[in-house]
Structure formats: C-alpha cells, structure tokens
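These are the residues of each chain, in order.
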Amino acid sequence: MRLICILIAFTISSITYSQITSMSLCPPTLEGNGNFESCATELSSACYTSVTCANWLVTGVIDYNEYQYDGGESYGPKVFNPQTCAGNQEIIDPSPQGGMYAGAEAGGGEFYIWDEGEEFETTINGLVVGEEYVLGFYQANGHVTTTGNEDYMAWRVTIGNNTPIYAEIIAAHESSNWSYQTLLFTADNTSMTLNFEARTDINTNYTFDHSTKYILLDGVNVSHSLSEGTIIGPEIITCDDPVELFFDHPTPINNTNYQWDIYDMSGSLITYYNGQSILLDNLESGSYTVEITVNPPGSCPSTHISEIQVICCEICPNCNSFKLMPKEKYVLNAWVKEGHAAQQTSYDNSSIELSYNGSSQIDVCATRGEIIEGWQQIYGEFVVPLNATNINISLINNNTDVACYFDDIRIHPYNSNLKSFVYDQKTQKLMAELDENNYATFYEYDSEGGLIRVKKETERGVYTIQETRSGTQKSE
C-alpha cells in the first residue's frame, strides 16, 4: 500500500529555527540604569543633566582651563532628553531604545591635546567567576559635521581588571545613525566595575572644536554568552523521519546541563530529554513547542523556545493525490491552447489559480513565452501556506466564447528538476519525454515498431533532430 505523501527526489536542507524567545532566568544586573530612563522626572523640562541621576558615577571630566581654553570646566557626562533639547548640537534622532540617552565628550585637538575623555561607570553584579558574558549597547555620533574632518572617536570600555576594549570607531564626519555593539568579557569577580570613556585619535591634526567629538550611549545591558545560543534543526519534519535538534552557542562551557521539553498545541508535555541534542520521532501531525533550558555550572540558566511543524503521510486507498509541504516553495508548469480562429501572439484568457483550504492566499500562474504549434506554456512559483490543509487547482478560461485546453500540468519543488514520460497505452512504447522545463521530445515509430523519427520542442518551435529509414532487400 502506497502513501499520499509523494516526495519527489529532492532534499530539504536543515535550517536554523526562527528564535521566538531567549531569556536568562537570573541575568547579571547593572546598578546603573542602562537605558537612562530613571532620569525622566529630572529631565521633564530640562535638556540635559548629569548621568548621576541614572546611578552612574562620573569619574572623568575635561578641564579646558588646564589647556588654556577659555571655556571653564566641562559639565562631564550627561543624560539628554531629545524631546526637550530641540536645536542642541549634541542631540540627534532618538535611539532604538527611545527616551533618554547618555553622552560624553572625547578629548583631542590640534593645539590642545589630551589623552583622556569624559568617563562614567557603574557596577555589574551577579557574575560567575571564569564565565564569559556579552556587553551590549547602542552608540552614535553626537554631533555631525560636514567639514570632512578625519578625526575618529570610540568608547573605551573597561570591565573590572580586564584590558580595556574599544568599541567600533565612529568618524566625526559620518552620519549620526545608531549602531549596536557587542563586546565579550570574562568575569574575574562576582561584581565588576563597568567604565565608559569617550576617546579620540590624538595622532590626527584637527582644528579644535570640542562639539564635533561627542559620543552618545544607550541600551547598556549584560547577558550570559549562553543566552546567545540558537536551536538548530529543520523547521518542518515528517512523522516517520527521525530528526535531531541541536543547541548551538559560540562559547560552549563544560559540564553544562541541557533540559529539552517538547509540548503539543494544548501545552501538554510530550517528551523531555537531557543533552545538547534531542532526537524527535514518532510524533503525530501538528504544531509543537520546543523548549530548552541551558544551565551552566554555578550560573544562571537561560531558556530558548522555538516551534516545529510535523507533517504525517496518511495511508490512502487509491493514491490519486499527494501532499505538499507547508512553507516550502514549488513550481507549477503546464501547457494551454485556446481555440481562436485567427492567429494569436499570446493567450491572455488562460491561467491556473491555486487556492488553499485553511488560508486566504491565492496564487495565479500565467502564460509566458512563445506559442509553439498552438500551445503556450503556463508557469508560476508559489509557497504553500503554513495552515493549508488542501490545495485547490483551478483551470481558468476568462473568455467563454473560445474553447481552452490544458495539458502536462506538473508541480514540483523549486529546488529540484523533474522529468516526466508519456507511454502508449497499447504498445507501452515511449511516445514523449518532458524535460526539466516541460518541453517535449517526441518519438515516432513505423508500423513494425521501429523508431523512425525524434522531434524536439523548443522556444522557437518543434524541430526534427533524428530520422531513420530502413528497408528489407527483396530476394530475386
């Protein structure tokens, strides 16, 4: 007994799950507010204030008097409110986090050169000694100049006793678009000081203009590196095809515990397993939630959640149908002929329409190419909707006054080639072979069953590519 699911000689590549949720259950914490939103009350009407309102400690300011600049001592690192700072030169578009953000001035200049910039710091708590973490934040150029100066600036980040790390440099003349930065560090204590210092390239000649070297900061956060991992595996599987799911992360840690839990659509636990990978088999059709909890030794666990779709092939009594895989791309190819009295350059009344039970999606496959001996090709590409239960194929003729004929309708996966063959019902001889583009090669035979002619269908018409004549010499 055959199955409804006809898998036509093609391979579905394994892909990475789209990650729905990834969260650390007890992440490291910052004493300072990483989004600087705790300054909202203080900045309800003011443009800027000290970063201390966000529980950051100011540890470095620039004293211009020391370098004979008649500007007095700077205010130090600030928190800005873009809604109340219209026209201020250090204010640009809101960051992706929205609301307030911090800024600091980088040192530098042609005649007034110093190594330091403004700096501020806070403390990271809840770390595990010896494990790796990810520091993330948004940064931007706080003042854009059009003078073309080639001075550069960057955040110089120091975490505890680790060697300072420089974020990606920002050219002072570039646009002010925000960019996201990630820096890795290893914890050497359960609590470590996080310091941001605005720095510039002091080896570049630059006419002094301290406002053009202002760096902005927002969305400061710290997470365990394991929380950056991803579940790897196919997105759609079949019931009788065991599939392995694997958790991948950039910095594996020895003795980490992995707990897999698989839930059905109702939320009931179906199976569970301990290990970095899990083998799924014997599942029924439907949607499932895959949840893995990653628990490093002595550290905070993180949870990752994704979904899979299981398609089961059902036993059929007549095998007159096949099932397409949801979310997979397919090609429909056919030929059509319209019964016009006058010659046509294209058949505009004919098409094939695909609709789906369980989805409102409709795909239309139209004619293309030249008319070859009265026939024109129909072609279309489509992706089966995830919730589709059946596919309906409609042959469309928009002109009721003209007869319309369809032939050689084929559907196959987009990343595949398909050949089909036509045999004579009585003689069982090969009459035609349809190639990967649905163009035919015709085979003609004489009354004795010998092959006498081979014709090839092309975009320019049908051509004879082989012809054979044979005879039997009469005896005298």
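Residue numbers run consecutively from 1 along every chain, following the written order of its sequence. In view of the model being predicted, local features appear only for residues whose pLDDT reaches at least 70, and side-chain atom pairs are presented and counted only at 80 or more, with totals across whole chains, interfaces and linings using the full set of residues. Only hydrogens and water are set aside when side-chain values are computed; all heavy atoms of the structure are taken into account.

1. Some points on the overall build of the protein chain
Next up, step 1: Only DSSP runs of H or I covering at least 4 residues are called helices, and only runs of E covering at least 2 are called strands; the numbering of each starts at the N terminus. Looking only at helices and strands, the protein chain has 0 helices and 33 strands in total.
Next up, step 2: Counting every position in the protein chain, which comprises 476 residues, the buried fraction comes to 43%.
Next up, step 3: What makes two residues a contact is simply this: any of their non-hydrogen atoms within 4.5 Å. Pairs at least 24 apart in sequence give 69% of the contacts found in the protein chain among residues at least 6 apart.
Next up, step 4: Reported accessibility uses the Shrake-Rupley method at a 1.4 Å probe radius. Residues are deemed covered only where the shown protein chains occlude them. Carbon and sulfur atoms form 45% of the exposed surface of the protein chain, whose accessible area is close to 25200 Å². Accessible area is worked out with a 1.4 Å probe on protein chains only. A residue is then buried under 20% of its type maximum, exposed over 50%, and partly exposed in between.

2. Observations concerning the nonpolar core
Next up, step 1: Of all hydrophobic cores here, the largest spans 36 residues; its most connected members are F120, L135, F137, W155 and F196.
Next up, step 2: Listing elements by their share of this core, those giving two or more residues are β6 (101–105), β7 (119–125), β8 (132–141), β9 (152–159), β12 (179–186), β13 (192–200) and β14 (214–224). We call a set of buried Ala, Val, Leu, Ile, Met, Phe, Trp, Tyr and Cys residues a nonpolar core when their side-chain atoms join them within 4.5 Å.

3. Quick notes on the sheet that holds strand β17 (residues 243–248)
Next up, step 1: Paired strands, in this sense, are two strands between which DSSP finds at least two bridges. Across the sheet, 3 strands lie side by side as β15-β17-β20; this open sheet has antiparallel pairing. Pairing within the sheet leaves two strands with one partner each, and these edge strands are β15 (230–232) and β20 (277–280). Each neighbouring strand pair of the sheet contributes to a mean axis angle of 20°, computed without reference to strand direction.
Next up, step 2: Examined bridge by bridge, β17 and β20 share 4 bridges and lie antiparallel to one another. Looking at β20, one finds that V243 is bridged to L280. In this description, a line fitted to the C-alpha atoms serves as the axis of each element, helices being fitted only across the stretch in contact, and the angle between N-to-C directions of two axes falls anywhere from 0 to 180 degrees.

4. Focus on the pairing of strand β33 (residues 461–467)
Next up, step 1: Relative to β33, strand β32 (residues 451–458) is paired through 6 bridges, and the arrangement is antiparallel. Note that in β33 the partner of R453 across the bridge is E467.
Next up, step 2: Taking the residues between adjacent antiparallel strands as the criterion, β32 and β33 are bridged by 2 residues.

5. Side note on the pattern of salt bridges
Next up, step 1: Basic side-chain nitrogens of Lys or Arg form a salt bridge, by our definition, when they fall within 4 Å of a carboxyl oxygen of Asp or Glu. Tallied over the full model, the rule gives 8 salt bridges.
Next up, step 2: Residue E197 pairs with R199 through a salt bridge whose shortest N-O separation is 3.6 Å.
Next up, step 3: Exposure remark for E197: the relative accessible area of 5% places this residue in the buried category.
Next up, step 4: R453 serves as the salt-bridge partner of E467, at 3.0 Å between the closest nitrogen and oxygen. A residue pair is termed long-range when its members are at least 10 positions apart, and E467 in strand β33 and R453 in strand β32 qualify at 14 residues.

6. Re the packing of aromatic side chains
Next up, step 1: Only centres within 6.5 Å qualify two rings of Phe, Tyr or Trp (six-membered ring in Trp) as a pair; their planes then separate them into stacked at under 30 degrees, edge-to-face at over 60, and tilted for everything else. Under the counting rule described, the total for this entry stands at 16 aromatic pairs.
Next up, step 2: Taken together, a centroid distance of 5.4 Å and an interplanar angle of 75° make the contact between W335 and Y439 edge-to-face. One end of the pair, W335, is in strand β23 (residues 329–338); the other, Y439, is in the loop between β30 (430–434) and β31 (440–445), with 104 residues separating them in the sequence. Across the pair, exposure class does not vary: W335 and Y439 are buried alike.
Next up, step 3: Counting every residue linked through ring pairs, the aromatic cluster contains F36, W56, F120, F137, W155 and F196.

7. Brief notes about a nonpolar patch on the surface
Next up, step 1: A cluster of nonpolar residues, I393, L395 and I409, forms a patch on the protein surface that exposes about 250 Å² of accessible area.
Next up, step 2: Structurally, the position occupied by L395 is in strand β27 (residues 390–397).
Next up, step 3: A relative accessible area of 44% means that L395 is categorised as partly exposed. Each patch is built from salt-bridge-free residues with over 30% relative accessible area, joining like charges within 9 Å and nonpolar side chains (Val, Leu, Ile, Met, Phe, Trp, Tyr) within 5 Å.

8. Thoughts on the environment of T193
Next up, step 1: Its location among the elements puts T193 in strand β13.
Next up, step 2: Considering only alpha carbons, one finds T193 and T158, 35 residues apart in sequence, at a separation of 7.7 Å.

9. Some thoughts on the environment of E328
Next up, step 1: Mapping E328 onto the fold places it in the loop between β22 (302–311) and β23.
Next up, step 2: With 87 residues separating them along the chain, E328 and N415 place their C-alpha atoms 9.8 Å apart.

10. Describing the sheet that holds β23
Next up, step 1: The antiparallel open sheet is built from 6 strands, whose spatial order is β27-β24-β25-β26-β23-β28. The open sheet has two edge strands with one neighbour each: β27 and β28 (404–413). Between one strand and the next, the sheet's axes are offset by a mean angle of 20°, whatever the strand orientation.

11. Some remarks on the pairing of strand β25 (residues 359–372)
For a regular strand, side chains alternate in direction, first toward one face of the sheet and then toward the other.
Next up, step 1: As judged from the 6 bridges shared by strand β24 (residues 350–357) and β25, these two strands associate in the antiparallel manner. For S355, the partnering residue across the bridge sits in β25 and is I362.
Next up, step 2: Where β24 folds back onto β25 in an antiparallel hairpin, the turn is made up of 1 residue, including G358, whose phi is positive at roughly 95°.
Next up, step 3: Sheet topology places β25 next to strand β26 (residues 375–383); 4 bridges connect them, and they run antiparallel. What sits directly across from R368, in β26, is Q377.
Next up, step 4: With antiparallel pairing between neighbouring strands as the criterion, β25 and β26 make up a hairpin whose turn holds 2 residues, including E373 at a positive phi of roughly 50°.

12. Focus on the confidence of the model for the protein chain
Next up, step 1: Values of pLDDT, the confidence the predictor places in each residue, fall between 0 and 100. On average, residues of the protein chain score 78 in pLDDT, and 76% of them reach the 70 mark or higher.
Next up, step 2: Confidence over residues 1–21 falls short of pLDDT 50; this stretch has 58 contacts with residues more than four positions distant or in other chains.

13. Some remarks on the environment of V336
Next up, step 1: Examined against the element boundaries, V336 turns out to sit in strand β23.
Next up, step 2: Sequence spacing of V336 and S351 is 15 residues, and the spatial spacing of their C-alpha atoms is 8.4 Å.

14. A word on unusual backbone geometry
Next up, step 1: You will see that N55, though not glycine, has its phi angle at about 65°, which is positive.
Next up, step 2: The residue N55 is located in the loop between β3 (48–50) and β4 (57–60) in this model.
Next up, step 3: Notably, E373 is not glycine yet its phi reads approximately 50°, a positive angle.
Next up, step 4: As for its placement among the helices and strands, E373 is situated in the loop between β25 and β26.
Next up, step 5: For E373, a relative accessible area of 61% gives the class exposed.

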